[in-house]
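A structural walkthrough
Here are the chains, one letter per residue:
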Amino acid sequence: MDEVAGAIADPVRREILTLLREQRRSAGELADRFPISRPAVSRHLRVLRDSGLVHDELVGRQRFYVLHPERMTELAEWLATFARPSGWEHRLDALETEVYRTRRERRAQDLQEGETA
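Here's what I pulled together on the structure shown here. Being a predicted model, the structure only gives us computed values, none of them experimental.

Quick look at the sheet that holds strand β2 (residues 54-59) now. If you trace the 3 strands from one edge of the open sheet to the other, you get β1-β3-β2, paired in antiparallel fashion. At either end of the open sheet lies a strand with only one pairing partner, and these are β1 (25-26) and β2. Bridge analysis of β1 against strand β3 (residues 62-67) gives 2 bridges, and the strand direction is antiparallel. Within the sheet, the bridge partner assigned to Ser 26 lies in β3 and is Phe 64. Contacting β1, β2 and β3, helix α2 (residues 11-22) runs over the sheet at an angle of about 95° to β3. Helix-sheet contacts for helix α4 (residues 38-50) involve β2 and β3, and the interaxial angle to β2 is about 115°.

Time to look at the packing of aromatic side chains. Taken as a whole and judged by the stated rule, the model has 1 aromatic pair. Here Trp 78 and Phe 82 contribute two aromatic rings whose centre-to-centre distance is 5.0 Å and whose plane-to-plane angle is 75°, an arrangement assigned as edge-to-face. If you follow Arg 24 out to its NZ or CZ, it ends over the ring of Phe 64, 4.3 Å from the centre.

What follows covers the pairing of β3. The side chains of a regular strand alternate between both faces of the sheet. Relative to β3, β2 runs antiparallel, the two sharing 6 bridges. The residue of β3 that forms the bridge with Val 59 is Gln 62. What sits between the antiparallel neighbours β2 and β3 is a turn of 2 residues, in which Gly 60 has the positive phi angle 65°.

Before going further, it helps to spend a moment on a nonpolar patch on the surface. Together, Met 1, Trp 78, Leu 79 and Phe 82 make up an exposed nonpolar region whose accessible area comes to about 430 Å². Mapping Trp 78 onto the fold places it in helix α5 (residues 73-80). Under the relative-accessibility criterion, Trp 78 is labelled partly exposed at 43%.

This part takes up α4. Taking 1.5 Å of rise per residue, 13 residues should cover 18 Å, and α4 covers 18 Å from first to last C-alpha, within 8% of that figure. For α4, the secondary structure elements touched by its buried residues are α1 (2-7), α2, α3 (27-31), β2 and β3.

Right, let's talk about the environment of Val 59 for a bit. Looking at the element boundaries, Val 59 is found in strand β2. With a relative accessible area of 40%, Val 59 lands in the partly exposed category. For the pair formed by Val 59 and Ser 26, sequence separation is 33 residues and the distance between their alpha carbons is 9.7 Å. Excluding residues that lie within four positions of it along the chain, Val 59 makes contacts with Arg 24 and Phe 64.

Rules used throughout
Residues numbered from 1 in each chain as written. Predicted model: local features only at pLDDT ≥ 70, side-chain atom pairs only at ≥ 80, totals over all residues. Heavy atoms only, no water. Pairing = 2+ DSSP bridges. Helix = DSSP H or I, 4+ residues; strand = E, 2+ residues; numbered from the N terminus. Contact = heavy atoms within 4.5 Å. Axes fitted to C-alpha atoms, helices over the stretch in contact; angles between N-to-C directions. Phe/Tyr/Trp six-rings, centres within 6.5 Å; stacked < 30°, edge-to-face > 60°. Lys NZ or Arg CZ within 6 Å of the ring centre and 35° of its normal. Patch = residues over 30% accessible without salt bridge, like charges linked within 9 Å, V, L, I, M, F, W, Y side chains within 5 Å. Areas by Shrake-Rupley, 256 points an atom, 1.4 Å probe, with all protein chains shown as cover. Salt bridge = Lys/Arg side-chain N within 4 Å of Asp/Glu carboxyl O. Buried < 20%, exposed > 50% of the residue type's maximum accessible area, 1.4 Å probe, protein only. Expected span 1.5 Å × (residues − 1).

Below, the structure written as structure tokens:
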């Protein structure tokens, strides 16, 4: 998870991931989208490849990069723990709390009735 978080910390790498979300792209096509040198883009692609977020495919003399979004799942799940439930999630959580409270009260009442009998 730390490797993925480090890889997506850079805005250029996040933009590369966004571009790859749409379709696989060649290194040259990606480099043309940024005002930085091709070697700099290659270094960003290496970081993304090393983290497992992308892999490259050699087709003829062209190298294409493909996104692996499943590598972000663990990080996304961890980040989601910080989101507050809203809408239906919040209401369902409240309903679950009420169900457990009611069950507890019924068990306590059943125990009291069993002791007095």
